[in-house]
Amino acid sequence: MPEPTSNGMQCNEFDALLADAIDGVLSGAQLDRFQAHARTCAACGPLLADAEAGRSWMKELSQIEPPVGLVESILASTTGIASDRLLSPVRPSQAQVSWLERSRAWLASTIDPFWATVRQPRFAMSFGMAFFTLSVALSVAGVKPTDLRQVSLRPSAIRRTYYSTHARVVRYYDNIRFVYELQARVRELKRDVSPVQPGSDKAPAKEKERKNDTTQEPEQKQERNYSQTENAVVLASAPLGPSVNDLPVVSVTTYRRLV
Amino acid sequence: MEDVQVVAMLVRRCISGDAAAWEEIVRTYNRRIYNICYRFAGSGDDAQDLTQEVFIKMYRTLSTYDSSKGAFSTWVTTITRNLLVDHFRKTKQDRLTDSIDSTASEHEDALPLSEQIQDQSAPPDAHVRSREVSQTVHSALGKLSPELREAVILRDLQDMDYREIAAVLKVPEGTVKSRINRGRAELARLLQRTYRQVM
């Protein structure tokens with residue numbers, strides 16, 4: 001990096017002023033310092049010369065005329081209307097725009113950005129999906145547009161509507177053939193797969209309890225939870241663990257043939 | 001210099017569906033856009049396609065123009081510049097590390113830059129000579145990096161002020177000035193090197 005020169009100007013300051021110096025807007029002491037730095041700095045001096053040369057080279061470049069038919073092809077690709085047709089309307093009358101047209105133009109310029117966003121396919125698709133989902137949900141819930149007139153907004157009525165809707169949805173779900181078939185199948189599978197539980201020796205214990213029962217009441221009356229008794233899985237296996245001792249001892253004699 | 005009110009009215013008429021207003025915009029700005037595209041892309045065919053794309057984009061997004069945020073010409077130049085940058089990224093033509101002696105474009109009859117300059121002394125016609133110098137500078141401009149090239153084009157060919165260029169390029173004014181300086185200096189060095197080879 002070049003060192004600052006004796007006039008105190010840094011190279012980065014020179015770089016910042018370079019464009020203005022080439023434009024000829026520097027003056028006074030600032031211009032003197034700039035020129036002094038350009039004379040003494042080994043990097044900035046050639047940079048100034050090159051930048052000035054580059055600018056004069058750029059002046060060699062003139063404006064290019066666009067190809068014939070460019071305007072027509074642009075108009076055809078944008079509005080799709082041939083240029084001759086556009087030129088036919090009388091221009092002066094258009095300069096005097098009525099307040100109605102002006103207000104319409106203002107409205108259009110206000111609404112159009114929003115409308116252009118809404119018209120995009122992804123937004124249209126989202127709105128469509130949202131409408132479809134809402135209409136399906138409402139029809140499943142049993143809501144009809146005609147019913148909305150009689151809707152009561154009292155809290156109790158709203159609560160009642162909520163519970164009845166909830167019950168209707170649950171009933172609808174439970175009544176789906178596929179759902180209850182699936183539930184039945186899962187229940188069957190559970191029953192088949194469930195292993196013998198160590199705690200399954202509760203039956204003999206119950207038997208014991210029953211023996212110790214001194215209430216003398218009929219056995220069935222003490223069983224309050226009927227549904228549980230009905231649903232209890234009946235295990236065919238023999239109890240394990242400490243309750244094995246409770247089983248009657250069976251003596252088996254094996255007759256072995258000695259050869 | 002564009003009259004802000006007139007342009008704003010023209011844009012409003014365009015948005016409200018006035019096809020004549022749109023034609024007026026196309027006729028006013030097509031030359032400017034074509035020149036930027038031609039100097040940046042380097043080829044006439046590319047410039048024509050890009051100019052058309054710029055106007056299509058303008059036509060679709062005309063309603064987003066806010067006159068309070070800046071001049072319409074700045075908005076148009078910003079659209080042009082963004083499209084040119086996209087085009088550059090797609091083609092990646094400037095990332096090729098070809099030397100200055102390589103073929104520049106179809107406009108120079110497929111001659112290397114040094115040969116074009118060598119031929120420069122031959123034609124007696126001053127007009128032809130001037131055109132060839134112009135083509136040589138155009139070729140050298142195409143060798144600059146896109147960052148430097150766009151800054152130099154907007155300043156030296158479109159006569160835009162630093163503030164407008166900063167708005168178009170979305171960089172600070174200091175950066176704009178620095179890029180213009182480096183671009184001009186780089187252009188001069190490229191052309192000096194070419195001349196030395198010819199001598």
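Residues numbered from 1 in each chain as written. Chains lettered and ligands numbered in written order. Predicted model: local features only at pLDDT ≥ 70, side-chain atom pairs only at ≥ 80, totals over all residues.

1. Remarks on the overall build of chain A
If you tally the helices and strands in chain A, you get 13 helices and zero strands. Traced from its N-terminal end to its C-terminal end, chain A shows the element sequence α-α-α-α-α-α-α-α-α-α-α-α-α. Relative to its full complement of 259 residues, chain A shows a buried share of 8%. (Helix = DSSP H or I, 4+ residues; strand = E, 2+ residues; numbered from the N terminus. Buried ≥ 20, exposed ≤ 12 C-beta atoms within 10 Å, placed from the backbone.)

2. Looking at the overall build of chain B
Helices and strands together make up the secondary structure of chain B, namely nine helices and zero strands. In sequence order, the secondary structure elements of chain B are arranged as α-α-α-α-α-α-α-α-α. Across the 199 residues of chain B, 41% fall into the buried class. In chain B, once contacts between residues fewer than 6 apart in sequence are set aside, the share between residues at least 24 apart is 62%. (Contact = placed C-beta atoms within 7 Å.)

3. Comments concerning the interface of chain A and chain B
Chain A puts 39 residues into the contact, and the matching count from chain B is 42 residues. At the level of elements, helix H1 (11-23), helix H3 (44-58), helix H4 (70-78), helix H5 (83-87) and helix H7 (99-118) of chain A are the ones that each hand at least two residues to the side of chain A that touches chain B. Sort the elements by how many residues they give to the side of chain A that touches chain B and H3(A) lands first, with eight residues. Within the side of chain A that touches chain B, the residues separate by chemical class into 23 nonpolar, ten polar and six charged. (Nonpolar A, V, L, I, M, F, W, Y, C, P; charged D, E, K, R; others polar.)

4. Re the nonpolar core
Residues and elements named next belong to chain B. Formed by 63 residues in total, the largest nonpolar core has its most connected members in Cys 37, Val 152 and Leu 187. The element that contributes the greatest number of residues to this core is helix H2 (residues 19-41), accounting for twelve residues. Residues in contact with Cys 37, not counting those within four places in the same chain, are Ala 47, Leu 50, Thr 51, Thr 80 and Leu 84. (Core = buried A, V, L, I, M, F, W, Y, C linked by C-beta atoms within 7 Å.)

5. Thoughts on the confidence of the model for chain A
Interpreting fine coordinate detail is not advised for predicted regions of low pLDDT. Residues and elements named next belong to chain A. With 64% of its residues at a pLDDT of 70 or more, chain A has an overall mean of 73. Confidence, read as mean pLDDT per element, is least for helix H6 (residues 91-95) in chain A (44) and greatest for H3 (91). Below pLDDT 50 for its whole length, residues 85-95 participates in eight contacts with residues either more than four positions away or in separate chains. (pLDDT = per-residue confidence, 0-100.)

6. Remarks on the packing of helix H7 (residues 146-157) of chain B against helix H8 (residues 162-169) of chain B
Residues and elements named next belong to chain B. In the contact formed by H7 and H8, the axes pass within 10 Å of each other and the chain directions differ by 140°. When you trace H7 past H8, the crossing you get is right-handed. Residues Glu 150, Ala 151, Leu 154 and Arg 155 of H7 touch H8, and the partners they reach there are Ile 165, Val 168 and Leu 169. A per-class count over the contact of H7 with H8 returns five nonpolar, no polar and two charged. (Axes fitted to C-alpha atoms, helices over the stretch in contact; angles between N-to-C directions. Left-handed = near helix turned anticlockwise from the far one by under 90°.)

7. Here we look at helix H8 (residues 121-141) of chain A
All names here are of chain A. If you check H8, its first and last C-alpha atoms are 30 Å apart, about what 21 residues at 1.5 Å a residue would give, namely 30 Å. The element H8 is barely covered by neighbouring structure, given that only zero of its 21 residues are classed as buried. Count one or two residues on from H8 and you reach Gly 142, which has phi positive near 80°. (Expected span 1.5 Å × (residues − 1).)

8. Remarks on the environment of Glu52(A)
Residues and elements named next belong to chain A. Positionally, Glu 52 belongs in helix H3. Look at Glu 52 and you get partly exposed, because 16 C-beta atoms sit within 10 Å. Distance from Glu 52 to Ala 19, taken between C-alpha atoms, is 9.5 Å for residues 33 residues apart in sequence.

9. Some words on the packing of helix H1 (residues 4-15) of chain B against H2(B)
Residues and elements named next belong to chain B. Viewed as axis vectors pointing N to C, H1 and H2 meet at an angle of 130°, and their least axial separation amounts to 7 Å. By the angle between their directions, the pair H1 and H2 is classed as oblique. Crossing angle aside, the handedness with which H1 passes H2 is left-handed. On H2, the residues that touch Leu 10, Arg 13 and Cys 14 of H1 are Ala 21, Trp 22, Glu 24 and Ile 25. Residue composition of the contact of H1 with H2, grouped by class: five nonpolar, no polar and two charged. (Parallel < 35°, antiparallel > 145°, perpendicular 65-115°, else oblique.)

10. Details of H2(B)
One turn of an α-helix holds 3.6 residues; hence residues three or four places apart share an orientation. Remark: the principal bend of H2(B), roughly 45°, maps to Tyr29(B). Of the residues flanking the end of H2(B), it is Gly42(B), one or two places downstream, whose phi is positive at about 90°. (Bend = angle between axes of the 7 residues up to and from the residue.)

11. A closer look at unusual backbone geometry
Residue and element names in this part refer to chain B. Backbone geometry at Asp 159 places phi at a positive 55°, although glycine is not the residue there. Mapped onto the elements of the fold, Asp 159 is located in the loop between H7 and H8. Look at Asp 159 and you get exposed, because 8 C-beta atoms sit within 10 Å. The residue Lys 170 is not glycine, and still its phi comes out positive at about 55°.

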